[in-house]
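# Observations on the three-dimensional arrangement
Here is what each chain is made of, one letter per residue.
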Protein chains: 2
Amino acid sequence: MSDERFGLRRRALLAGPLALDGGASLPAVEIGYETYGTLSPSADNAVLVCHALTGDQYLASDHPVTGKPGWWTRMVGPGKPIDTDRWFVICSNVLGSCMGSSGPASIDPATGQQWGMAFPVITIRDMVRAQALLLDHLGIGRLAAVVGGSMGGMQALSWAATFPERVEAAVVIAATARHSAQNIAFHEVGRQAIMADPKWRNGAYYESGDPPAAGLAVARMAAHITYLSEAGLTAKFGRRLQARPDGQAGAKTFGFDADFQVESYLRHQGLAFTDRFDANSYLYITRALDYFDLAEEHGGMLANAFRDTATRFCIVSFDTDWLYPTAESRVMVQALNAAGARASFVELSSPFGHDAFLLESPELDRVVRGFLTWGRA
Amino acid sequence: MSDERFGLRRRALLAGPLALDGGASLPAVEIGYETYGTLSPSADNAVLVCHALTGDQYLASDHPVTGKPGWWTRMVGPGKPIDTDRWFVICSNVLGSCMGSSGPASIDPATGQQWGMAFPVITIRDMVRAQALLLDHLGIGRLAAVVGGSMGGMQALSWAATFPERVEAAVVIAATARHSAQNIAFHEVGRQAIMADPKWRNGAYYESGDPPAAGLAVARMAAHITYLSEAGLTAKFGRRLQARPDGQAGAKTFGFDADFQVESYLRHQGLAFTDRFDANSYLYITRALDYFDLAEEHGGMLANAFRDTATRFCIVSFDTDWLYPTAESRVMVQALNAAGARASFVELSSPFGHDAFLLESPELDRVVRGFLTWGRA
């Protein structure tokens, strides 16, 4: 099934009902996804890669809207760390998002209208449940591995906690087992920026053809700062001024244009984002992240999420990540150790902050390649 | 001169022209200010306290709009670290702000209309120059000390660099000698939030009576996160939920209300701010901060700002301040040492992040009291 609107290659309509953590249930779920490589006859080589907040299924193939290469082409492909000559790699657009999966921009079958804010609030675990339906549909019982960075890492954790018998190994990169007060605070700023935009119209902006792009751009700008390290921003931009249109060296204009390169960069990040993302999806997915607290789902003790698990874990953090700092990965590792799980942990050094998992990091490549093939000669 | 609108006790109309760094000049400048204590006959006991971005002159007296106590009543008063039994303390609303000093909400004498975005872009040094005019007006040649935290600290630095012969001592708390790329980035998010609000109307919203409060609130929320430490937010709010209106313990609502206490707190901070602050002033003052780079004003070498100075300096940072971290204070201290200036430096420990200078900090009290009285038995 394909859909020209999204440039989708694959989309599955999965029969429900899908019962959600919030109490609602979806009668059926559509999931947009991509696959890379070939599923073995015994279906034992499947690797699920989970994407981050604003990511999508275009992991290792060009993005149909932006035309840019997939977001993890460095990591996934023939001969690459997640080697598609060996693994059958699946990446699906999360529930609640806007690249072919059911979300606020989808049609509510009960009304024939786009859901908008009538779409039920979802959790990370609900995203994982929808992915499990997709695996059923694809005939995959057990994953050789689930791999993800940032929100993808939270999904990997939730997979291991929710369906331990279906997960042989989990790679959790630059993630956390719960959103902190500061994490929630930054997301709340983004949500308020969207909701303050009069074009948001309580989420019912689809028919207007005029979405709350200004609010969404501000939300993206605020979030984007948290993805980069202070030192990385200084190295990349410092206080350098924008060159003038005539090519002359930049100067302060004593006005409110983007004098500094960092201002211009942020404005571009905000605007470009609005071309490819739905504002309501941003509300729903940030909410799912803020609700995420894996310990809370298990009686307040994180180790309980992993009791008697046979899953192998690899936890990776980056030293300059201040969004989900190494201390949060240590919390996971301590819980895994307390639960008697097999867990390895490494803090990698990178100048790039949280975004390091998406960028050039030969150490991360080695860790992921090695962990996936461990014990499989 | 008083003005009921602002609850002002003191306001001076200072003859110009005041030449500004951006090339424009103001024919005259109004400055709202407060004083505490008594000027000595020889005018040798004057201490200028400079306020932060959203601060004002109500240092140690109730705020006329909010009714709240002054923002540094802990520090300033009879017997307090800045002892008004001894010092004549002046605090003036900065140029560009909105509590009685000339700014975008003031009347442009040339047009009889409020300036709006026609007000010239100003710098920290311009704020200092306007304060110098106020001191002339008050008959104060030389300051026993200039003291400030955050943007107030930058003014203190700029005072010592611009009018070294007028400053005996400078206390620079939780400040920086230049805005970093990350500092600029956060301010740009705030400016874009304001400018994205359709009620902003390119700054010409005064006559509408309907200012861009939603955009200003978002700007304040984003900035507010940077004033607090991650650990402080966790200690204060963690993931605790709002109690329900009926007093029952909070629960996730699976909606977009403020479920978490930190969300409610931030929303309140944003809204409360819009009652007392002008959105255009927020644009102008953040711009002045982003433009601030004291080294740049002195041939690219910070030490040059302090060559042959007789001013004594006290530099104070807080260990959990990630807005202007201790490393930035060290840059100042190294430059002061290189210039042969008398400088003392202390990093204080506090859980409160950047806001520590406004909050309970007995160590800060001792440092300020001791430094001001040093050498004056």
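Predicted model, so just to flag it, every value in this text is computed and none were measured. (Residues numbered from 1 in each chain as written. Chains lettered and ligands numbered in written order. Predicted model: local features only at pLDDT ≥ 70, side-chain atom pairs only at ≥ 80, totals over all residues. Heavy atoms only, no water.)

Of note, the amide linkage connecting G16(A) to P17(A) takes the cis form, showing an omega dihedral of 0°. Residues other than glycine seldom take positive phi values, yet S150(A) does so here, at roughly 60°. Within the secondary structure layout, S150(A) lies in the loop between strand 7 (145–149) and helix 2 (151–162). At A43(B), a residue that is not glycine, the phi angle is positive and equals roughly 55°. Note that A43(B) resides in the loop between strand 2 (25–36) and strand 3 (46–50). (Helix = DSSP H or I, 4+ residues; strand = E, 2+ residues; numbered from the N terminus.)

This part takes up the interface of chain B and chain A. Contacts between the two partners involve 53 residues from chain B, matched on the other side by 53 residues from chain A. Among the residues chain B hides against chain A, the three largest losses belong to R239(B), F254(B) and F256(B). Together they make up 18% of the total. The tally of links from chain B across to chain A stands at 12 salt bridges. Across the pair D259(B) and R287(A) runs a salt bridge, and its minimum N-O distance is 3.5 Å. Where chain B touches chain A, the interface holds 30 residue pairs in polar contact (both at pLDDT 80 or more). Among the elements that line the side of chain B that touches chain A, the one with the most residues is helix 3 (residues 181–196) of chain B, at 12 residues. (Contact = heavy atoms within 4.5 Å. Buried area = accessible area lost by both parts, 1.4 Å probe. Salt bridge = Lys/Arg side-chain N within 4 Å of Asp/Glu carboxyl O. Polar contact = N/O pair within 3.5 Å; in protein donor to acceptor, adjacent residues only side chain to side chain.)

On to the sheet that holds strand 6 (residues 88–92) of chain A, then. Residue and element names in this part refer to chain A. The strand order across the open sheet formed by eight strands is 1-2-6-3-7-8-9-10, and the pairing between neighbours is mixed. The strands lining the two open edges of the sheet, one partner per strand, are strand 1 (10–19) and strand 10 (342–348). Averaged over neighbouring strand pairs, the angle between their axes works out to 20° when direction is ignored. As judged from the five bridges shared by strand 8 (residues 169–173) and strand 9 (residues 312–318), these two strands associate in the parallel manner. (Pairing = 2+ DSSP bridges. Axes fitted to C-alpha atoms, helices over the stretch in contact; angles between N-to-C directions.)

Let us look at the relation of the copies chain B and chain A. Superposition of the two copies of the chain requires a rotation about an axis and a shift along the axis. When chain B is brought onto chain A, the operation consists of a screw motion whose angular component is 180° and whose axial shift is 0.0 Å, with 0.0 Å RMSD remaining. The operation mapping one copy onto its partner corresponds to a two-fold rotation axis. Of the interface residues in chain B, 100% have counterparts in chain A that sit at the interface too, so the contact is made through matching surfaces. (Least-squares fit on C-alpha atoms with pLDDT ≥ 70 in both.)

Residue and element names in this part refer to chain A. Split into domains, chain A comes out as domain 1 (4–180 + 293–373) and domain 2 (184–280). The straight-line distance from the C-alpha centre of domain 1 to that of domain 2 is 27 Å. Taken together, the contacts link 25 residues of domain 1 with 22 residues of domain 2. Summing both partners gives a buried area of about 1900 Å² for domain 1 against domain 2, and 63% of it is carried by carbon and sulfur. Three residues, T54, M117 and W322, lead the burial of domain 1 against domain 2; their summed loss comes to 29% of the area buried on that side. Seen at the junction of domain 1 and domain 2, the total is zero salt bridges. In terms of residue class, the side of domain 1 that touches domain 2 is made up of 11 nonpolar, 12 polar and two charged. (Domains from an automatic or database assignment. Nonpolar A, V, L, I, M, F, W, Y, C, P; charged D, E, K, R; others polar.)

Before going further, it helps to examine the pattern of salt bridges. Applying the stated criterion to the full structure yields 36 salt bridges over all chains. Connected via shared salt-bridge partners are E188(A), R191(A), R287(A), D290(A), D259(B), E263(B) and R267(B).

Residue and element names in this part refer to chain A. Residues annotated by UniProt as "binding site: substrate" (unreviewed entry) correspond here to R220 and D355. Across 136 residues in sequence, these annotated residues keep their C-alpha atoms within 14.1 Å of one another, forming a single compact spot. Checked against the element boundaries, R220 lands in helix 4 (residues 213–227). Among all residues touching R220, those that are not within four sequence positions of it are T54, Y227, Q269, G270, F273 and R276. (UniProt positions renumbered as here; feature names shortened; annotations may be inferred.)

Glancing now at the sheet that holds strand 6 (residues 88–92) of chain B. Neighbouring strands of a sheet are bound in pairs by backbone hydrogen bonds; such pairs are parallel or else antiparallel. Residues and elements named next belong to chain B. In space, the eight strands of this open sheet follow the order 1-2-6-3-7-8-9-10, with mixed pairing throughout. Single-partner strands in this sheet number two, and they are strand 1 (10–19) and strand 10 (342–348). On average, adjacent strands in this sheet sit at an angle of 20° to one another, irrespective of strand direction. Sitting on the sheet, helix 2 (residues 151–162) is in contact with strand 3, strand 7 (145–149), strand 8 (169–173) and strand 9 (312–318), with an inclination near 150° to strand 7. Helix-sheet contacts for helix 9 (residues 362–373) involve strand 7, strand 8, strand 9 and strand 10, and the interaxial angle to strand 9 is about 175°.

For helix 4 of chain A, spanning 15 residues, the distance from its first C-alpha to its last is 21 Å, which sits close to the expected 21 Å at 1.5 Å a residue. Most of helix 4 of chain A is tucked away, with 13 of its 15 residues classed as buried. (Expected span 1.5 Å × (residues − 1). Buried < 20%, exposed > 50% of the residue type's maximum accessible area, 1.4 Å probe, protein only.)

A few words now on the side chain of H51(B). Residues and elements named next belong to chain B. Within the secondary structure, H51 sits in the loop between strand 3 and strand 4 (76–77). H51 gets classed as buried once you look at its relative accessible area, which sits at 0%. Those residues in contact with H51 that lie beyond four places of it in its chain are D56, Q57, W71, S92, N93, V94, M151, G152 and Q155.

Our next topic: the UniProt feature "active site" (unreviewed entry) in chain A. Residues and elements named next belong to chain A. Under the present numbering, the feature "active site" (unreviewed entry) in UniProt falls on S150, D321 and H354. A maximum C-alpha distance of 10.5 Å among these annotated residues, which run over 205 residues, shows that they cluster at one spot. Overall, the relative accessible area of 8% leaves S150 in the buried class. What S150 contacts, discounting residues up to four positions off in sequence, is A52, I173, A174, A175, Y324, H354 and F357. Looking at the element boundaries, H354 is found in the loop between strand 10 and helix 9 (362–373).

Attention now goes to the packing of helix 3 (residues 181–196) of chain A against helix 6 (residues 261–274) of chain B. Packed helix pairs are characterised by how far apart their axes lie and by the angle those axes make with each other. Two elements in contact, helix 3 of chain A and helix 6 of chain B, have axes whose closest approach is 9 Å; the angle formed by their N-to-C orientations is 50°. On the basis of their axis angle, the class for helix 3 of chain A and helix 6 of chain B is oblique. Here helix 3 of chain A and helix 6 of chain B pass one another in a crossing that is right-handed. Seen from helix 3 of chain A, the contacting residues are A181(A), I184(A), A185(A), E188(A), V189(A), R191(A) and Q192(A); seen from helix 6 of chain B, they are V262(B), E263(B), L266(B) and R267(B). Per-class residue counts for the contact of helix 3 of chain A with helix 6 of chain B are six nonpolar, one polar and four charged. (Parallel < 35°, antiparallel > 145°, perpendicular 65-115°, else oblique. Left-handed = near helix turned anticlockwise from the far one by under 90°.)

Here we take up the pairing of strand 7 of chain B. Residue and element names in this part refer to chain B. Within strand 7, five of the five residues are buried, which leaves the element mostly enclosed by the surrounding structure. Burial along strand 7 is two-sided: the face carrying A145, V147 and G149 and the face carrying V146 and G148 are both buried. Each parallel crossover has a hand, and for strand 7 linked through helix 2 to strand 8 it is right-handed. (Right-handed = clockwise from strand over helix to strand, strands pointing away.)

This brings us to the nonpolar core. Counting residues in hydrophobic clusters, the biggest one holds 197 residues, and the most contacted among them are L95(A), W159(A), F306(A), L95(B), W159(B) and F306(B). Sequence-distant contacts of L95(A), defined by excluding residues within four places in its chain, comprise L18(A), L20(A), L26(A), V29(A), S102(A), F119(A), I122(A), D126(A), M127(A) and A130(A). Within the second largest apolar cluster, 30 residues are counted, among which are V76(A), I82(A), I173(A) and F357(A). (Core = buried A, V, L, I, M, F, W, Y, C linked by side-chain atoms within 4.5 Å.)

Moving on to the environment of V171(A). Residues and elements named next belong to chain A. Relative to the assigned elements, V171 resides in strand 8. Look at V171 and you get buried, because its relative accessible area is 0%. Taking the C-alpha atoms as reference points, V171 and S42, 129 residues apart in sequence, are found 23 Å from one another. The residues contacting V171, other than those within four sequence positions of it, are V146, V147, G148, A156, C314, V368, F371 and L372.

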